[in-house]
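# Reading the structure
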Amino acid sequence: MDWYMMNCELLATCSALGYLEGDVYHREPDCLESVKDLIRYLRHEDETRDVRQQLGAAQILQNDLLPLLVQHSQDKGLFDAIVRLMVNLTQPALLCFGKVPADATSRHHFLQVLSYLQAYKEAFASEKVFGVLSEKLYDLLQLDWEQRQEEDTLLIERILLLVRNVLHVPPDPSEEQGVDGDASAHDRVLWALHISGMDDLLKFLASAQAEQQWALHVLEIISLMFRDQSPEELAVLGQGQEGAEHREDTRELQALRHREVAEKRARALQRPSRHSRFGGSYVLQGLRALGDRDVVFHRGLHQLKSYSHDLGKEARRVPRRRQAAAEAGPSRRSARNVRLFLCQFCQDFLESCYNRLMLLVKDQLVREKAQQHDETYYLWATAFFMAFNRCRGFRPELVSETVGVRAFHFMEQNLTAYYEMALMDKKEAATWARRMHLALKAYQELLRTVQEMDRHPEQAVRDSSQVIKSNIFYLMEYRELFLALFRRFDEAKQPRGFLRDLVETAHLFLRMLERFCRARRGLVVQSKRVKRKKKKPPAAAALTQQPLSTAELEELWAGLTPQLQGCLQGDIPLPEDVVPFDAASETPVEEQRAEAVLQIQRCLRGSHGPQALSLLRSARDVWPEGDVFGPPDVGPSQEMQLLREILLAPLPRHEPPEAEEQEEDEEEDEEEEEQTVQVSEKEFNFLDYLRRFACAPVVRALVLLLRGYSRNSPRTNHCAARLLHRLARDLRMEGLLFQLSLFSLFHRLLNDPAAAAHQELVALAKFILGKFFALAATNKKAFVELLFWKSPAAATEMIKGYSSMQDEEGPARSRVAPWTPQEEQELRELYWKYKEVEGEDVIAAILPHLPAPGRTRRQVVKQLVRMGLASSAKDFPRQRKGTNLVLWTPEQEEELTRLFEEFQGSEDVLGSIMKHLTARRSRARVVEKLLGLGLVAERKELYKKRKRKSHSPGMAAAGAPAVPAQDSSAEDSEEEEDEEEDEENEEEEGPMEEQWASEEGTGQGLAQRLHQEGLAGPLHWLQNCLRRTAQDREEDGISHPVPLVPLSEENEDAMEHRRFRALLRQLGLRPPANEQESFWRIPAALSPQQLRRAAAAIAQRGPDPAASSQDTAPAEQPPPALGSDSESEDTGPGPGPSPVQSGPKRRRELDSEDEDGSATEMPPTAPPLQEDEDEDPQPRGRRKRIRCLEEEEEEG
């Protein structure tokens, strides 16, 4: 269809708008109705956007709508209609078509609409048009909210949308081919926007309190204004640094000139001395052609270096799905006056609008008031304006809203979400990759801003940066982010620019983390571990009902006879809600009838006579045919006989369908696993973290980036080379870089005439090549290893020897002994011997006959596959666990009984039995068998007994360590519980409430020791909590567990102190039972008398009458909330500062955990002297002292 031939109705409507005579536009009487008709036509256009294309071809917007807008702006109705029409006409082509069409016809329509939009943008580059829009917008903003009508609000939104649509139109590459500094169509639109004062109105909308609803519109317009700008170039503009820009251009020109001169010199040296018309023919000895002869070369010798077997062949076509992602077009520098205006706009925006606007936008994003994917504008604004502020004087107060831990969390959340969506939504992976790139740039700018804060002259700013770094380095999510992005980098979906920013950001993060670790000893970070635990089948499914004997059934019938006779005589009423048949069920009628008989039998064997009789009569009414449930005129004696026959009949029992489905699932699939994330803390080692980057995906990505070293910026090449240098030099894993693609890159670099501009890369290439050729002299397989990407283990074997990983200690694979030829022959014979045995596990039969060293099942299976005796490990399915040891033999029951009688009086009965039991079974199975044999009445009898010792005041006064023996037993029990969790088929045991034997003086010695260490305040707080709890229990008469919530830092530190926790255990208080509890609790089993006795036990004895007088004070006044620190704050200062209060909190947690194991061996120590903040002021535990002695011996 020729779009220049307009539809007759559309042509008539456009003709009724008016006509242009000179510079004056004369409108027709039906102008307003014609504009509304055009809006109606656009609403009903087809999928090819025919109306839009016809209006664009006729240039209605340039010739009619814009003159009407400028010359007849006083007509409010006409102005509103024209703005509505222009918003529709200028909407992006992607919104019109939904996406870029794939077929040729639709794509042609898409490009046609795009060309009309570019023509519209040229027409809008007029000061008059933007002047009218600015004046109208200014008048509307002058109205108060009481005077502003709904039409006014809609007009404001349409004007902002119109400006957005015009700025959104992409440039036309064929039209804008000028040099940098020329004014493009976008520059002309920006200049018209600036002259009209629209930029000032945008700043007003961003800063006005009453115009919060336009925050996202304003941010979107600003992002489109700075679409082609670089924040670094704008920041140096107007500061007398234009010379830097000129020097950069000069440097690029000089590099190109040097390359051209070097290439000319090389061509001159390669020119042959013979006549150019005779190149000669040469035979390349050792290089075979297609046949058995050597290659004949028909060119000059100077072209021999470029010879390849691929010369003259057609280039291999790369599939579209494997082609590299399209890169963004080359950046273009705008006109100088436009850049100056944008630079001033950035300054004003940062000083008056940035923090407030970003706060509003963030709030709308969090509350989901914005449209989908509007967070991309927030990410762009964060990266752009923070970079501008960093390069132009860096004032941290101007960007305070987007600097902090919350900003890092928001960026990391979006980056992770985009990363996951790119993996799931394969069709839109490129779109998600662009959004991921925006989030990565914002994250990079946050890191650079924090780095700049470290250099700030104000101490408060530097302290803030330290707080931010300690938070982001502590959490595991921030440290693992770059590893995940490296490992999932896909060249076909993510552009090269994303890889460039990823490498620069990872380099910056590693450098900041390295300096942060260097300034601190013993950095503690968060660690997460996913623990997989196999699900247990329901206990009911594991229990099988034992059939009753005939004698037992006769005895049961004798007990049921009186009950049934009472029912038949009417003395006992029958239940009426018994239904043996379900008409809506999908189960066949015959199966329901058989199930009714089973149900009657279950009722009889469960001593439910009335229900059985009622079921029998109901089933007789439902199924009268065949007299299965008796004839209709059956008598009472016959019913009794029929019920007796049903009770004694050996009816087949059907398992419930859920159990059958579960068994089928277990036979077909492996047992499901529950995943629980365990969060802990550990001491951070930078080299261990750096080793995570020593993998093939990271090296592959760095090599891919360095392939374009000539086009990369010096900063990008430095970051990539530094990362490779860390792997090769710091980790001594240069074997990872022994790869042919990297060596090909080094060859191209060393032969590059302009290699002098890349000295860092040249030095790295010489270092790696030198290491390789030194290795190749001893390892003849090194050249073959070049063909493969290597793991760290393979690289280590390549350098140290292929048996080094088996001889040295380290990973699990290094402890596996190689298979000798004799062992392989013996394994082959055993396999053929037990292969044909039916019903037997081949691997289980082979394992006992293998000689030492013992082999695991997995090792044997892998070796059989490697030897070709099996195709895969699936040929040897593992038998279901528990099937071989479900039943106990009489000998095993006798052994279990004997062991129980032998260890019945020991502290750990179950643990001793497990150690001496011949057949290996889980603890849960042993407990069940002990209960089944009647040896124990309940599980609590098998719990490990914990001793509690009370120390006399004399011992405490003498300075003896008042540490109970319970600590060591508690640690043992915790270690055993951890071991039990790792066992297979283990059933969780419920928490055990210990009965605390309240004795006079329990805990006095340990309390006196804590008083001497300066913990008088926390002890007084604990004493008041116990007394208040006792008083509440006496008043209410109800006992329930009460948590101890420390609200002050002093009490919180005391709750982490080892001896204070030991005192809590002595007093009978319960620690957190699981990960859902965070605080210690006063158990409900403790009576008020026991609580008062415990409070009196920890009261300070001796020369501190003030504390004892304060102990009784709270009883005279209304007590505050439990766990409050008001009492500890009102008391006077303690004897001295507690050693617990010095040092970082997380460091104290780890140290206290290390010292728990040697609590009973530590002598009382005096308060430590003032130490360095990096050192731990607490007494050293046994393991820590041993470690320190070993370090001193090594140094000595």
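The model shown is predicted, which means the values in this text are computed figures rather than measured ones. (Residues numbered from 1 in each chain as written. Predicted model: local features only at pLDDT ≥ 70, side-chain atom pairs only at ≥ 80, totals over all residues. Heavy atoms only, no water.)

## So, a positive patch on the surface
Residues Arg-858, Lys-862, Arg-866 and Arg-878 make up a contiguous surface patch of positive charge. The residue Arg-866 is located in helix H39 (residues 857-866) in this model. Since its relative accessible area comes to 58%, Arg-866 is described here as exposed. (Patch = residues over 30% accessible without salt bridge, like charges linked within 9 Å, V, L, I, M, F, W, Y side chains within 5 Å. Areas by Shrake-Rupley, 256 points an atom, 1.4 Å probe, with all protein chains shown as cover. Salt bridge = Lys/Arg side-chain N within 4 Å of Asp/Glu carboxyl O. Lys, Arg positive; Asp, Glu negative; His and termini not counted. Charge placed at Lys NZ, Arg CZ, Asp CG, Glu CD. Helix = DSSP H or I, 4+ residues; strand = E, 2+ residues; numbered from the N terminus. Buried < 20%, exposed > 50% of the residue type's maximum accessible area, 1.4 Å probe, protein only.)

## Describing unusual backbone geometry
You will see that Arg-49, though not glycine, has its phi angle at about 55°, which is positive. Of the residues examined, Arg-49 reaches a relative accessible area of 17% and is grouped as buried. At Glu-368, a residue that is not glycine, the phi angle is positive and equals roughly 60°. Looking at the element boundaries, Glu-368 is found in the loop between helix H16 (354-366) and helix H17 (375-391). Given a relative accessible area of 69%, Glu-368 falls into the exposed group.

## A short note on helix H30 (residues 696-706)
Burial analysis of H30 places nine of its 11 residues in the buried class, the great majority of the element. Those residues of H30 that sit buried are Ala-696, Val-698, Val-699, Ala-701, Leu-702, Val-703, Leu-704, Leu-705 and Leu-706. For H30, the secondary structure elements touched by its buried residues are helix H21 (476-487), helix H22 (496-518), helix H31 (714-730), helix H32 (740-750) and helix H33 (759-776). (Contact = heavy atoms within 4.5 Å.)

## Brief notes about the packing of helix H19 (residues 429-454) against H21
The geometry of H19 relative to H21 is characterised by a closest axis approach of 14 Å and an angle of 140° between their N-to-C directions. The angle between H19 and H21 falls in the class oblique. Once H19 is placed against H21, the crossing between them reads as left-handed. In this structure, H19 contributes Met-436, Leu-440, Tyr-443 and Leu-447 to the contact, and H21 contributes Tyr-478, Leu-481, Phe-482 and Leu-485. (Axes fitted to C-alpha atoms, helices over the stretch in contact; angles between N-to-C directions. Parallel < 35°, antiparallel > 145°, perpendicular 65-115°, else oblique. Left-handed = near helix turned anticlockwise from the far one by under 90°.)

## A look at the nonpolar core
Judged by nonpolar contacts, the single largest core of 189 residues is most densely connected at Leu-55, Met-225, Phe-226, Phe-385 and Phe-693. Examining the composition of this core, we find that 12 residues originate from one element, H22, more than from any other. Ignoring any residue separated from it by four or fewer positions in sequence, one finds Phe-226 in contact with Leu-234, Leu-342, Phe-345, Cys-346, Trp-380 and Phe-384. (Core = buried A, V, L, I, M, F, W, Y, C linked by side-chain atoms within 4.5 Å.)

## Here we look at the pairing of strand S1 (residues 18-21)
Direction of pairing for S1 relative to strand S2 (residues 24-27): antiparallel, over a ladder of four bridges. Residue Gly-18 lies in a different strand from S2, and its bridge partner there is Arg-27. Linking S1 to S2, which pair antiparallel, is a turn of two residues; within it Gly-22 sits at a positive phi near 70°. (Pairing = 2+ DSSP bridges.)

## Some thoughts on the pattern of salt bridges
Pairing between side chains of opposite charge can happen when their charged atoms approach one another. As enumerated under the stated definition, the model contains 36 salt bridges in all. Residues Arg-602 and Glu-595 are paired through a salt bridge, measuring 2.8 Å at the closest nitrogen-oxygen approach. With a relative accessible area of 40%, Arg-602 lands in the partly exposed category. With a shortest N-O distance of 2.8 Å, Arg-1059 and Glu-1013 are connected by a salt bridge. Taken as a pair, Arg-1059 in helix H48 (residues 1058-1066) and Glu-1013 in the loop between helix H45 (1004-1012) and helix H46 (1016-1036) lie far apart in primary sequence, 46 residues in all. No difference in accessibility class separates Arg-1059 from Glu-1013, as the two residues are buried. Overlapping salt bridges bring together Glu-45, Arg-49 and Arg-52 as one network.

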